[in-house]
Amino acid sequence: MGTQESNEETSGTGRRALLGAAVLGAGGAVLGMAGTARADGARHGGGPRSLPKPTIIGHRGASGYRPEHTFGSYQLALDLGADIVEAGDLVPTKDGHLVCRHEPEIGGTTDVADHPEFAGRKKTKLLDGVSTTGWFTEDFTLAELKTLRAVERIPANRPHNTLYNGRWEIPTFEEVLRWQDEQTRKRGKQVWIYPELKHPTYFREQGLPLEERVAKLLRKYRKDRRTSPVILQSFEPTSIQRLHKLVDNPLVVLLSSADSRPWDFVETGDPRTVADLVKPAGLREIASYAQGIGPTLDLVVPRDAQGNLTRPTTLVSDAHKVGLILHPYTMRNENPFLPANFRKGTDADAYGDVFGAYKAYFATGIDGVFTDQPDTGLLAREDFNG
């Protein structure tokens, strides 16, 4: 899920069935027994009939417990029962491979700073209009990146995750696709993934376009179809429009804060903001080339000046009216990430009343949610569904 969040043209029913495949395919392995039953029924009974709601999506794997975008994180998400794993924020290497990192700048997610041989690669670049200093994947070959190891991105909030620093390397998207097939065979049910294309305009300008590379790999592994177990997402609507012409996978437009503008809009002079895109007309346009949206949770239920939840917006009902599903982001157990009225104490790594927060968001009718702790999300779903 994106930078902004840090700190098939079918009928509405068809769109829901399409993403139903995604959420039914990898029912809960540990906690979500009902989800497992639906998943098996979907696989052996000729396709999903309805969405398991709310769908629990492992955000960058189980990143609340392991360094994000590693096979350790992805594997644990499945073990905890996530319906879908967000396996892959996709960025390119110098030699054109796609790798899984939260951002192209890898100073905070790898041990690159400990490699003196790469000291000279540190640069300052303008990334979607933001001056960013560090080491960038597009300045490394895949072989060079494979010498690095992943580390915890937010150690102040997740000190226990630092135990696993250095254990896993950076995965490639092709390795993820193979892992997906391997896990599907081992688990006896379809594993679904939810990769994101990061900064597509930025990389296209550097001669490293993402959409064509993603489509080529999906075609190679026969995962470019309407019912394929891969949902694609991006914060740039034009990237999703491009993918719509290249593959038949379910597609999702990510939406940041209401006052922000997608970077492709900035580059092309489109004056619209996210606030325009979440109006009925904007949602109808999105529904012409995508099947869902991934809004921030604040677009679903805004917070007041003190950080407390207020009244829900009409986004859920407005999106559903045009056949779009909603998978907002991101639920996290730790206090700093929760609405103020659900925090407990002031410790940065302490858990708040996350079950209360889940209940409030689920009550809006969202179709699913990205979460760093999939097991917590599954327990919250069990509570909510009774």
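Counting restarts for each chain: residues are numbered from 1 in the order of the written sequence. It should be noted that, the model being predicted, local features are given only for residues of pLDDT at least 70 and side-chain atom pairs only at 80 or more, the latter also being counted only at that level, while totals for whole chains, interfaces and linings use all residues. As a convention, hydrogens and water are excluded, and side-chain values are obtained from all of the structure's heavy atoms.

Naming follows an unreviewed UniProt entry, where the protein appears as glycerophosphodiester phosphodiesterase of Streptomyces hawaiiensis. UniProt positions are given in the numbering used here, feature names are shortened, and annotations may be inferred rather than shown by experiment. Note on the protein: under the UniProt heading Catalytic activity (unreviewed entry), the record states "a sn-glycero-3-phosphodiester + H2O = an alcohol + sn-glycerol 3-phosphate + H(+)". Here the protein is described in UniProt, under the heading Sequence similarities (unreviewed entry), as follows: "Belongs to the glycerophosphoryl diester phosphodiesterase family."

Q: Describe in detail the overall build of the protein, supporting the description with residues and values.
A: Counting its regular elements, the protein contains 15 helices and 12 strands. The cut-offs for exposure are 20% and 50% of the maximum accessible area for each residue type, with area from a 1.4 Å probe on protein chains only; residues under the lower value are buried, those over the upper are exposed, and the others partly exposed. Counting over 386 residues, the protein shows a buried share of 60%. Here the protein displays about 14900 Å² of accessible surface, and carbon together with sulfur accounts for 51% of that area. Think of it this way: any DSSP run of H or I at least four residues long counts as a helix, any run of E at least two long counts as a strand, and we number them from the N terminus. All accessible-area figures derive from a Shrake-Rupley calculation using a 1.4 Å probe, and residue coverage is judged against the displayed protein chains alone.

Q: Which residues make up the confidence of the model for the protein, and what are the values?
A: Counting all residues, the mean pLDDT for the protein is 89, and 87% of those residues have values of 70 or more. As a per-residue quantity, pLDDT reports the predictor's confidence and falls between 0 and 100. Whether two residues touch is decided by their heavy atoms; if any such pair falls within 4.5 Å, the residues are in contact. Confidence drops under pLDDT 50 across residues 3-51; counting only partners more than four residues distant or on other chains, this segment forms 122 contacts.

Q: Account for the nonpolar core, with residues named and values stated.
A: If you look at the biggest cluster of nonpolar residues, it comprises 84 residues, and the most contacted ones within it are Phe 173, Ile 293 and Met 331. Leave out the neighbours within four places in its chain, and Met 331 touches Leu 297, Leu 338, Val 354, Ala 357, Tyr 358, Tyr 361, Val 369, Phe 370, Thr 371, Asp 372 and Gln 373. Grouped together as the second largest cluster of nonpolar side chains are 10 residues, Ile 84, Tyr 194, Val 252 and Leu 254 included. Residues grouped as a nonpolar core are buried Ala, Val, Leu, Ile, Met, Phe, Trp, Tyr and Cys residues, joined through side-chain atoms within 4.5 Å.

Q: Requested: an account of the side chain of Lys 198, with residues and values cited.
A: As for its placement among the helices and strands, Lys 198 is situated in the loop between strand S7 (196-197) and helix H6 (200-205). Overall, the relative accessible area of 1% leaves Lys 198 in the buried class. Whenever a nitrogen or oxygen atom comes within 3.5 Å of another N or O atom, the pair is scored as a polar contact, on the condition that within protein one atom can donate a hydrogen and the other can accept it, and that pairs from neighbouring residues in sequence are kept only if both atoms are in side chains. Looking at Lys 198, its side chain comes within polar contact range of the main-chain oxygen of His 102, at 2.4 Å. Polar side-chain contacts of Lys 198 include one of 3.2 Å to the side chain of Glu 103.

Q: Please set out unusual backbone geometry residue by residue, giving values where relevant.
A: A negative phi angle is the norm for most residues apart from glycine, just as the trans form is the norm for most peptide bonds. For the bond from Tyr 329 to Thr 330, the omega torsion is -15 degrees, close enough to zero to count as cis. With phi around 50 degrees, His 69 is a residue other than glycine that occupies positive phi space. Mapped onto the secondary structure, His 69 falls in the loop between strand S1 (55-58) and helix H3 (71-80). Here the phi dihedral of His 199 falls at roughly 50 degrees; this positive angle occurs in a residue that is not glycine. Locating His 199 in the fold gives a position in the loop between S7 and H6.

Q: Before we move on, could you go through the pairing of strand S10 (residues 292-295) and cite the residues and values that matter?
A: Burial along S10 is two-sided: the face carrying Gly 292 and Gly 294 and the face carrying Ile 293 and Pro 295 are both buried. Across 4 bridges, the pairing between strand S9 (residues 251-255) and S10 is parallel. Pairing of Val 252 across the sheet is with Gly 292, part of S10. When S10 meets strand S11 (residues 325-326), the two strands line up parallel, connected through 2 bridges. Looking at the pairing, Gly 292 lines up with Ile 325 of S11. Pairing between strands requires that DSSP locate at least two bridges from one strand to the other.

Q: Lay out the packing of H3 against helix H5 (residues 173-187) with the relevant residues and their values.
A: Geometry is summarised by axes, namely lines fitted to C-alpha atoms with helices restricted to the contacting stretch, and by angles between N-to-C directions that run from 0 to 180 degrees. For the pair H3 and H5, the least separation of the axes is 12 Å and the interaxial angle reads 30 degrees. In terms of their interaxial angle, H3 and H5 are classed as roughly parallel. Crossing handedness for the pair H3 and H5: right-handed. Residues Phe 71, Tyr 74, Gln 75, Leu 78 and Asp 79 of H3 touch H5, and the partners they reach there are Glu 175, Val 176, Trp 179, Gln 183 and Arg 187. Broken down by class, the residue content of the contact of H3 with H5 amounts to 5 nonpolar, 2 polar and 3 charged. Here the angle decides the label: under 35 degrees means roughly parallel, over 145 means roughly antiparallel, 65 to 115 means roughly perpendicular, and every other value means oblique. Left-handed describes a crossing in which the near helix is turned anticlockwise from the far one by less than a right angle; the clockwise case is right-handed. Under the convention adopted here, Pro, Cys and the residues Ala, Val, Leu, Ile, Met, Phe, Trp and Tyr are nonpolar, Asp, Glu, Lys and Arg are charged, and Gly plus all remaining residues are polar.

Q: Tell me about H5, residues and numbers included.
A: Relative to the 21 Å expected for 15 residues at 1.5 Å per residue, H5 spans 21 Å between its end C-alpha atoms, a close match to the ideal helical length. Of the residues making up H5, those classed as buried are Phe 173, Glu 174, Val 176, Leu 177, Trp 179, Gln 180, Gln 183 and Thr 184. Expected span of a helix: the number of residues minus one, times 1.5 Å.

Q: Account for the sheet that holds strand S12 (residues 368-371), naming residues and giving values.
A: Read across the open sheet, the 3 strands follow the order S2-S1-S12; overall the sheet is parallel. The two strands at the open ends of the sheet, each matched to only one other strand, are strand S2 (84-85) and S12.

Q: Before we move on, can you summarise the environment of Thr 296 with the specific residues and values?
A: Positionally, Thr 296 belongs in the loop between S10 and helix H12 (297-300). Using a relative accessible area of 13% as the deciding quantity, one classes Thr 296 as buried. Here the alpha-carbon distance between Thr 296 and Leu 254, two residues 42 residues apart in the chain, equals 8.2 Å. Not counting the four nearest positions on each side in its chain, Thr 296 is found in contact with Leu 255, Ser 256, Ser 257, Pro 328 and Tyr 329.

Q: Quick rundown of the pairing of strand S3 (residues 89-92)? Include the residues and the values.
A: Alternating positions in S3 separate into two faces, Asp 89 and Val 91 on one and Leu 90 and Pro 92 on the other, with burial throughout. As judged from the 2 bridges shared by S3 and S7, these two strands associate in the parallel manner. By the bridge assignment for S7, Leu 90 is matched with Leu 197. By the bridge criterion, 3 bridges tie S3 to strand S4 (residues 98-100) in an arrangement that is antiparallel. Looking at S4, one finds that Leu 90 is bridged to Cys 100.

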